[in-house]
Amino acid sequence: MNNYPIPVLGFAAYSGTGKTTLLEALIPLLTQHGLRLGVLKHAHHEFDVDKPGKDSYRLRKAGATQMLVASHQRHVMMTETPEREADFDDLLSRFDHHQLDLILVEGCKNIAFDKIELHRDAVGKPWLHPYDDNIIAIACDQKPISTTLPILDINDLSSIAQYVLRYVNQLNSTRNAQEPAIQGLSVIQGVNTILERITTMKATEVSQLHEIDNRIISRNISSPIASPHYTQAAIDGYAISYQSAENSQFRVFEHLFAGNKMERTLQLGEAVKIMTGAPMPDGADCVIALEDVQSTGDSVTINLDAVTPGQNIRYRGEELQCGQLVYESGQRLTSTHIGLLASLGITECEVYRSLRVGVFSTGDEVQSPGLPLRSAAIYDANRYVLLDNLQRLGCLVDDLGVLPDDPTEIGEALTSAAVQCDVLLGSGGVSFGEADYVKSALEQLEVGHIDFWRINMHPGRPMAFGHIGARPFFGLPGNPVAATVAFLQFVEPAIRKMQGEVDWIPLKTRAFTLQRLKSKLGVTEFVGAVYRLTNNGELEIEQVLSQDTRALYALSQANCLIEIPEHIEQINRGEHVTIIPLQGRI
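Named according to an unreviewed UniProt entry, the protein is Molybdopterin molybdenumtransferase originating from Vibrio olivae. Listed under Sequence similarities (unreviewed entry) in UniProt, the entry text for the protein is "Belongs to the MoeA family."

Structure, rendered in structure tokens:
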């Protein structure tokens with residue numbers, strides 16, 4: 001199956017088979033049937049589409065790594081990639097698929113995507129299809145010994161064109177047929193829907209510096225002083241006047257430490273031995289490092305070649321001017337933020353009140369740890385994972401324990417908790433099963449309202465979001481891994497918005513995979529994995545862990561989640577994947 005929003009079809013063959021000649025004749029036949037075509041040609045050798053002497057060539061050779069040339073007829077982007085050849089997926093993303101019906105690829109025979117093998121007996125090369133599962137048909141002038149693949153005459157362009165047209169129509173028909181069967185929201189739609197329906201809390205409080213770690217600023221903070229507060233030496237050395245640099249001999253008359261200020265003005269020919277952070281003497285405008293100075297008694301000889309005006313000085317207000325904005329409302333504070341505030345003499349600031357979250361699990365089979373495990377029971381893992389994640393986000397948590405499979409008791413517990421909690425978060429009981437009582441309990445409440453959907457993701461498809469009165473409610477899946485993934489994807493962004501944090505985006509990056517991955521079209525897949533930094537400074541997936549939604553042990557060994565988008569069915573070994581690092585999150 002094709003893993004791109006529009007069909008992508010390759011023509012794979014050894015050099016000398018005539019791929020370009022065939023495509024040159026095939027393309028007009030396809031365009032006559034109304035197909036809008038894009039073509040990707042992969043070359044194994046150096047090439048340059050630019051001409052020496054042209055303006056674009058000169059600018060590119062001068063150092064431009066990307067060169068866009070445009071006229072009224074066409075435009076072309078030339079991108080230099082000396083460190084690494086561009087990825088296949090990245091190259092495909094350069095096409096405007098809204099303006100195309102099909103992308104033809106010449107070459108790239110070692111990459112996993114649908115291909116037609118071209119084979120001419122006279123070339124004397126072996127067949128490709130026995131070793132490539134992605135070959136879907138063969139165009140040749142001599143039939144292979146044994147294959148179940150469709151066989152086309154390589155010299156009959158009309159039959160090849162008809163096969164390509166059927167391929168495009170069949171692939172589009174299959175995709176269209178699948179779409180109505182996938183009920184639910186995409187991950188992005190689910191996140192956006194939740195964020196649209198919650199608001200940032202309004203309650204604020206003034207807190208001391210030692211109380212604001214991991215809190216969110218509710219009012220802009222400006223600097224009450226300049227930083228540095230005075231012009232000072234940036235290193236240990238000798239302060240002199242640059243105008244004296246013509247003379248290499250200087251008389252040292254004072255040793256100045258941080259916290260002390262010289263009362264008189266420095267004269268020409270004089271030097272002051274000065275320590276880092278000490279105020280610059282009046283009349284001095286540079287500091288010479290100790291290693292550039294030769295000291296003899298009360299005089300020094302300075303290497304004049306090492307002197308420039310203003311060197312090794314931190315000027316007043318160089319970092320922050322008095323009254324300059326330091327942090328905007330919505331900034332989450334960490335230790336370095338707090339340290340800067342302290343350095344400016346600030347002792348307190350206004351922050352949003354800590355969010356209080358009520359957390360519970362459901363199920364008659366679920367048992368809290370600490371007691372002998374009953375027959376047919378399981379220990380509750382979800383609640384402890386959620387409690388820890390919420391505390392890492394700076395929330396106050398109310399542990400509501402394990403609620404039984406009783407809609408009335410569930411409803412009463414949640415109604416009571418909604419009085420003091422800002423958010424309610426549970427796991428289990430939100431699917432379509434006969435024992436999924438949370439959804440029915442909320443629907444029976446006069447103040448309860450729930451929007452229930454399936455999220456097109458794995459793990460974590462059962463997902464409920466609604467309100468109890470004005471309090472947001474999240475119902476996560478009962479499976480431990482699914483609950484953890486759903487928390488990271490949906491609850492964490494919502495919590496951060498309610499806390500007042502602005503413009504938070506989860507960290508994602510790219511890594512190579514050493515294993516082949518498969519996914520279901522129309523579903524975003526999250527897979528626990530272990531990545532490492534290679535000797536070349538690249539991120540590499542060295543281990544893909546279990547995709548069992550109850551395999552919490554496997555997830556505990558992971559340091560990232562691989563995110564496979566809903567339009568991708570297969571990722572081949574050596575290709576890029578998107579990863580979500582987990583350090584500090586679970």
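Student: How should the packing of helix H5 (residues 187-196) against helix H10 (residues 480-499) be read in this particular structure?
Tutor: The description of two packed helices rests on the angle between their axes and on the distance between the axes. One way to put it is that H5 packs onto H10 with a least axis distance of 10 Å and a crossing angle of 30°. One way to sum up the angle between H5 and H10 is to call them roughly parallel. When the axes of H5 and H10 are compared, the crossing they make is right-handed. Side by side, H5 and H10 meet where Val187, Gly190, Val191, Ile194 and Leu195 of the first sit next to Gln489, Phe490, Pro493, Ala494 and Lys497 of the second. Here the contact of H5 with H10 is composed, by residue class, of 7 nonpolar, 2 polar and 1 charged.

Student: Honestly, the nonpolar core in this entry has me stumped. Any pointers?
Tutor: Nonpolar side chains tend toward joint burial in soluble globular proteins. Val357, Leu425, Phe474, Leu476, Phe487, Phe490 and Ile495 are the most contacted members of the largest nonpolar core, which totals 44 residues. Apart from the residues within four sequence positions on either side, Leu425 is in contact with Val357, Gly358, Val359, Phe360, Leu386, Leu390, Phe474, Leu476, Phe487 and Val491. Judged by nonpolar contacts, the second largest core, of 26 residues, contains Leu37, Leu104, Ala137 and Ile154.

Student: What is the right way to read the sheet that holds strand E15 (residues 286-289) from this model?
Tutor: The strands making up a sheet associate through backbone hydrogen bonding, with each pair oriented either parallel or antiparallel. As summarised here, the arrangement of the 6 strands in space is E15-E12-E14-E13-E17-E16, forming an open sheet in which the pairing is mixed. Of all strands in the sheet, those with a lone pairing partner are E15 and strand E16 (293-296), marking the two edges. Pairs of neighbouring strands in the sheet enclose a mean axial angle of 40°, with direction left out of account.

Student: Honestly, the pattern of salt bridges in this entry has me stumped. Any pointers?
Tutor: Pairing between side chains of opposite charge can happen when their charged atoms approach one another. Tallying each qualifying case throughout the model produces 20 salt bridges. For the salt bridge of Asp398 with Arg356, the shortest nitrogen-to-oxygen distance reads 2.7 Å. Of this pair, Asp398 sits in strand E24 (residues 396-403) while Arg356 sits in strand E21 (residues 356-362), and the two are 42 residues apart along the sequence. A residue is classified by how much of its surface remains accessible, and Asp398, at 13% relative accessible area, is buried. We note a salt bridge from Glu563 to Lys508, for which the minimum N-O separation is 2.7 Å.

Student: Mind showing me how you'd approach the side chain of Ser218 here?
Tutor: Within the secondary structure, Ser218 sits in the loop between strand E9 (204-208) and strand E10 (221-222). Taking relative accessible area as the criterion, Ser218 reaches 14% and is therefore assigned buried. The contact partners of Ser218, leaving out residues within four places of it in the chain, are Thr204, Ser329, Glu350, Val351 and Tyr352.

Student: Explanation requested: the packing of helix H7 (residues 382-392) against H10 in the structure shown.
Tutor: Where H7 meets H10, the axes come as close as 11 Å, and the angle between the chain directions of the two elements is 25°. Comparing their axes, H10 and H7 come out roughly parallel. When you trace H7 past H10, the crossing you get is right-handed. The residues of H10 that touch H7, namely those facing Asn382, Val385, Leu386, Asn389 and Leu390, are Pro480, Ala483, Thr484, Phe487 and Ile495. Class assignment for the residues of the contact of H7 with H10 results in 7 nonpolar, 3 polar and no charged.

Student: Looking at this model, I keep getting lost on the pairing of strand E12 (residues 237-240). Mind explaining?
Tutor: Along any regular strand, the residues point their side chains to alternate faces of the sheet. Here E12 runs beside strand E14 (residues 270-274); their pairing, made up of 3 bridges, is antiparallel. Across the sheet, the residue bridging to Ala239 is Val272, located in E14. Across 4 bridges, E12 lies against E15 in antiparallel orientation. Each residue of the ladder has a partner; that of Ala239, found in E15, is Val287.

Student: Is there a simple way to think about unusual backbone geometry in this case?
Tutor: Phi is mostly negative for residues that are not glycine, and the peptide bonds are mostly trans. Cis geometry is found at the peptide bond from Ser227 to Pro228, where omega equals -5°. As for its placement among the helices and strands, Pro228 is situated in the loop between E10 and strand E11 (232-233). The linkage connecting His458 with the following residue, Pro459, adopts the cis geometry, with an omega of -5°. If you trace the backbone, Pro459 turns up in the loop between strand E27 (457-458) and strand E28 (462-468). Even without being a glycine, Asn312 presents a positive backbone phi close to 55°.

Student: Can you walk me through the packing of aromatic side chains in this structure?
Tutor: Two aromatic rings, taken as a pair, are described by how far apart their centres are and by the angle between their planes. One pass over the full model with this rule turns up 2 aromatic pairs. Taking 6.3 Å as the distance between ring centres and 20° as the angle between the ring planes, the aromatic pair formed by Phe360 and Phe473 counts as stacked. Of this pair, Phe360 sits in strand E21 while Phe473 sits in strand E29 (residues 471-476); the two residues are 113 residues apart in sequence, bridging distant segments of the chain. For Phe360, a relative accessible area of 0% corresponds to the buried category. Judged by its relative accessible area of 0%, Phe473 is buried.

Student: Could you clarify how one ought to interpret the environment of Leu371 in this entry?
Tutor: Following the sequence through the fold, Leu371 ends up in the loop between strand E22 (366-367) and strand E23 (378-379). We classify Leu371 as exposed; its relative accessible area is 55%. For the pair Leu371 and Ile116, spaced 255 residues apart in the sequence, the C-alpha separation amounts to 62 Å.

Student: Hey, could you run me through helix H8 (residues 407-417) in this one?
Tutor: In an α-helix, one turn spans 3.6 residues; hence positions three or four apart end up facing the same way. Within H8, the full set of buried residues consists of Ile410, Gly411, Leu414 and Ala417. Considered in projection along H8, the buried side chains sweep an arc of 135° and stay on one side of the axis. Two or three places before Thr408, at the start of H8, stands the capping residue Asp406, its side-chain oxygen 2.9 Å from that residue's backbone nitrogen.

Rules of the game
- Residues numbered from 1 in each chain as written.
- Predicted model: local features only at pLDDT ≥ 70, side-chain atom pairs only at ≥ 80, totals over all residues.
- Heavy atoms only, no water.
- UniProt positions renumbered as here; feature names shortened; annotations may be inferred.
- Axes fitted to C-alpha atoms, helices over the stretch in contact; angles between N-to-C directions.
- Helix = DSSP H or I, 4+ residues; strand = E, 2+ residues; numbered from the N terminus.
- Parallel < 35°, antiparallel > 145°, perpendicular 65-115°, else oblique.
- Left-handed = near helix turned anticlockwise from the far one by under 90°.
- Contact = heavy atoms within 4.5 Å.
- Nonpolar A, V, L, I, M, F, W, Y, C, P; charged D, E, K, R; others polar.
- Core = buried A, V, L, I, M, F, W, Y, C linked by side-chain atoms within 4.5 Å.
- Buried < 20%, exposed > 50% of the residue type's maximum accessible area, 1.4 Å probe, protein only.
- Pairing = 2+ DSSP bridges.
- Salt bridge = Lys/Arg side-chain N within 4 Å of Asp/Glu carboxyl O.
- Phe/Tyr/Trp six-rings, centres within 6.5 Å; stacked < 30°, edge-to-face > 60°.
- Arc of directions from axis to C-beta.
- Polar contact = N/O pair within 3.5 Å; in protein donor to acceptor, adjacent residues only side chain to side chain.

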